[in-house]
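Breakdown of the fold
Residues per chain are reported as follows:
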Amino acid sequence: MDQFDTDSFSSLRKTNLYYPFASQQDWELGSWLLRSGLSLVAIDKFLLLELVKSLPLPFKTVKELRGQAELLPSGPCWQLMVIPTTFPTKLPVVLYWHDPLECITTILNNPLLHGLVNFIPYKQYSLPTMCWRYSE
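For clarity, every value in this text was computed on a predicted model and none was experimentally measured.

In terms of helices and strands, the protein carries seven helices and four strands. Moving toward the C terminus, one meets the helices and strands of the protein in the order α-α-α-α-α-α-β-β-α-β-β. When burial is assessed residue by residue, the protein has 15% of its 136 residues classed as buried. When contacts within the protein are restricted to residue pairs at least 6 apart in sequence, long-range pairs at least 24 apart make up 39% of them. When the accessible surface of the protein is split by element, carbon and sulfur atoms take 64% of a total near 10,700 Å².

Most often, soluble globular proteins have nonpolar side chains that are buried together. Judged by nonpolar contacts, Tyr18, Phe21, Leu33, Ile43, Leu47, Val52, Leu57, Phe59, Val62 and Leu65 together constitute the single largest core of ten residues. When residues of this core are traced back to their parent elements, those giving at least two are α4 (40-47) and α6 (62-70). Setting aside its immediate chain neighbours within four residues, Val52 contacts Phe46, Leu47 and Leu57.

What follows deals with α6. Those residues of α6 lying buried are Val62, Leu65 and Gln68. All buried residues of α6 project into a common sector of 125 degrees when viewed along the axis, lining one side. In α6, the exposed positions angled more than 90 degrees off the buried face are occupied by Lys63 and Glu70. In this fold, the buried residues of α6 make contact with α3 (24-35) and α4.

Note on placement: Cys103 falls in helix α7 (residues 100-108). Relative accessible area serves as the criterion here: at 24%, Cys103 is assigned to the partly exposed category. Counting along the chain gives 26 residues from Cys103 to Cys77, while the straight-line C-alpha distance between them is 9.2 Å. In contact with Cys103, other than residues within four places in its own chain, are Pro76 and His98.

Further remarks concern a nonpolar patch on the surface. The grouping of Leu17, Leu101, Ile104, Ile107, Leu108, Leu112, Leu113, Leu116, Phe119 and Ile120 at the surface amounts to a nonpolar patch, some 1,000 Å² of accessible area in total. Residue position: Leu108 is located in helix α7.

Right, let's get into the packing of aromatic side chains. Per the stated rule, a full pass over the model turns up one aromatic pair. Judged by centre distance (6.1 Å) and plane angle (85 degrees), the ring pair of Phe21 and Phe59 falls under edge-to-face. Taken together, the residues span a long stretch of sequence, with Phe21 in the loop between α2 (10-15) and α3 and Phe59 in the loop between α5 (50-53) and α6 at a distance of 38 residues. The pair formed by Phe21 and Phe59 is uniform in burial state, with each residue classed as buried.

Reading the values: the criteria
Residues numbered from 1 in each chain as written. Predicted model: local features only at pLDDT ≥ 70, side-chain atom pairs only at ≥ 80, totals over all residues. Heavy atoms only, no water. Helix = DSSP H or I, 4+ residues; strand = E, 2+ residues; numbered from the N terminus. Buried < 20%, exposed > 50% of the residue type's maximum accessible area, 1.4 Å probe, protein only. Contact = heavy atoms within 4.5 Å. Areas by Shrake-Rupley, 256 points an atom, 1.4 Å probe, with all protein chains shown as cover. Core = buried A, V, L, I, M, F, W, Y, C linked by side-chain atoms within 4.5 Å. Arc of directions from axis to C-beta. Patch = residues over 30% accessible without salt bridge, like charges linked within 9 Å, V, L, I, M, F, W, Y side chains within 5 Å. Salt bridge = Lys/Arg side-chain N within 4 Å of Asp/Glu carboxyl O. Phe/Tyr/Trp six-rings, centres within 6.5 Å; stacked < 30°, edge-to-face > 60°.

This is the structure in structure tokens:
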């Protein structure tokens, strides 16, 4: 949580986990719009609908939406390496990956998972069959 707490907007995220969005619903709509595959023009047209304009959204245009999304903490960056081949290929062979330590850091710094990840295994008994379950 140290990395999350040192973010420049950490004081605002203490009262609103979804900052710069006003609520979880605003974040969900913004996230869906940006990941939907719609063009920027189509998203702008959607946001100009009278029904949508009547909603108290913190963004009115796709430019404002993207600006707010860029304020969110980022995840690990993709890395790439061109792999040399002994045989000719039409395109170079490229390996894309994430640094595993950055992935673990991102997961452990996620405030939604704070307090939910167990580092010590424990037994959980389920009666009457006495099935044992172990956490990760």
